[in-house]
Amino acid sequence: MTSEYEKSISGTVHYLIRIELPTNSTLHVSLLDVTSSNAPAKELAQQVILHAETTGLDFTLPYKVADVLPGHRYVIRARIETVEQVIFATTRDHAVELGVDHLRPEDVIVRNVRTKPDSGF
């Protein structure tokens, strides 16, 4: 086994408002280490899906097992945005356990936030 050994975590992002996504919506999903409250979250994986209104909201985040440290806290954060604004985002961290085989996909909920892009999660 090498230090480059990978596992992945997958799932679907869901928004609860029954509307169609605007044309040219983009889904951003990140796997983060949020252990330290004194430092920015460390990104382990990211997936960006263009045209999410037609391609769907399923994601797969491959990560290196060597990056998984005992006692650390890992979360998935997601947002759906257009060129003008972030329309949906996770408002609560979606905690995940890494280093295990995920038999069931993760269901990540995003909520209506309506902010300008690049405002973060």
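Here the residue numbering is sequential within each chain, running from 1 through the sequence in written order. In keeping with the predicted nature of the model, local features appear solely for residues at pLDDT of at least 70, side-chain atom pairs appear and are counted solely at 80 or more, and the whole-chain, interface and lining totals rest on all residues. No hydrogens and no water enter the side-chain calculation; it runs on all heavy atoms of the structure.

## Examining the overall build of the protein chain
Helices and strands together make up the secondary structure of the protein chain, namely one helix and eight strands. Our radius of gyration is a C-alpha quantity, and the globule rule it is checked against amounts to 2.2 Å times the number of residues to the power 0.38. Against the globule reference of 14 Å for 121 residues, the protein chain gives a C-alpha radius of gyration of 15 Å, in line with a compact fold. A total of 121 residues make up the protein chain; the buried ones form 36% of that total. Methods summary: accessible areas were calculated by the Shrake-Rupley approach with a probe of 1.4 Å, and residue burial reflects only the protein chains presented. Carbon and sulfur atoms make up 48% of the accessible area of the protein chain, which amounts to about 7500 Å² in all. Charged side chains of the protein chain number 12 positive and 16 negative; the gap between the two group centres comes to 6 Å. Every helix listed is a DSSP run of H or I at least four residues long, and every strand listed is a run of E at least two residues long, numbered separately from the N terminus. To sort residues, take the accessible area from a 1.4 Å probe on protein chains only and compare it with the maximum for the residue type: under 20% means buried, over 50% means exposed, and anything in between is partly exposed. For the charge count, each Lys or Arg is scored as positive and each Asp or Glu as negative, with His and the chain ends excluded. A charged residue contributes its charge at one atom only: NZ of Lys, CZ of Arg, CG of Asp or CD of Glu.

## Overview of the nonpolar core
Definition of nonpolar core: a set of buried residues of the types Ala, Val, Leu, Ile, Met, Phe, Trp, Tyr and Cys, connected through side-chain atoms within 4.5 Å. Judged by nonpolar contacts, the single largest core of 26 residues is most densely connected at Val13, Leu31, Ile76, Ile80 and Leu98. Counting residues per element, the ones that place at least two in this core are strand 1 (6-15), strand 2 (26-33), strand 3 (42-49), strand 4 (58-64), strand 5 (74-81), strand 6 (86-89) and strand 8 (106-115). Take this core: its biggest share by element is four residues, from strand 5. Contacts: residue pairs with any heavy atoms within 4.5 Å of one another. Those residues in contact with Ile80 that lie beyond four places of it in its chain are Val13, Tyr15, Leu21, Ser25, Thr26, Leu27, Leu57, Val86, Ile87, Phe88 and Val110.

## Some points on the confidence of the model for the protein chain
Looking at the protein chain, the pLDDT average stands at 89 and 91% of residues meet or exceed 70. Confidence scores differ between elements of the protein chain, with strand 8 showing the lowest mean pLDDT of 89 and strand 2 the highest of 97. Confidence of the predictor at the level of single residues is given by pLDDT, which spans 0 to 100.

## Remarks on the pattern of salt bridges
Take a side-chain nitrogen of Lys or Arg and a carboxyl oxygen of Asp or Glu: if they are within 4 Å of each other, that pair is a salt bridge. Under the definition given, this model contains three salt bridges. We note a salt bridge from Arg79 to Glu81, for which the minimum N-O separation is 2.8 Å. Note on accessibility: Arg79 and Glu81 belong to one class, buried. Here the residues in one salt-bridge network are Arg73, Arg77 and Asp93, joined through shared partners.

## Looking at the pairing of strand 4
Going residue by residue along strand 4, you find Phe59, Leu61 and Tyr63 tucked away on one face and Asp58, Thr60, Pro62 and Lys64 left uncovered on the opposite face. Two strands pair if DSSP finds at least two bridges between them. Alignment of strand 1 against strand 4, held across seven bridges, turns out to be antiparallel. Note on strand 4: the bridge partner recorded for Gly11 is Phe59.

## A word on unusual backbone geometry
The phi torsion at Asn24 lies on the positive side, around 65°, for a residue other than glycine. Mapping Asn24 onto the fold places it in the loop between strand 1 and strand 2. In this model, His51 sits at a positive phi of 55°, which is unusual for a non-glycine residue. Tracing the backbone shows His51 in the loop between strand 3 and helix 1 (52-55).

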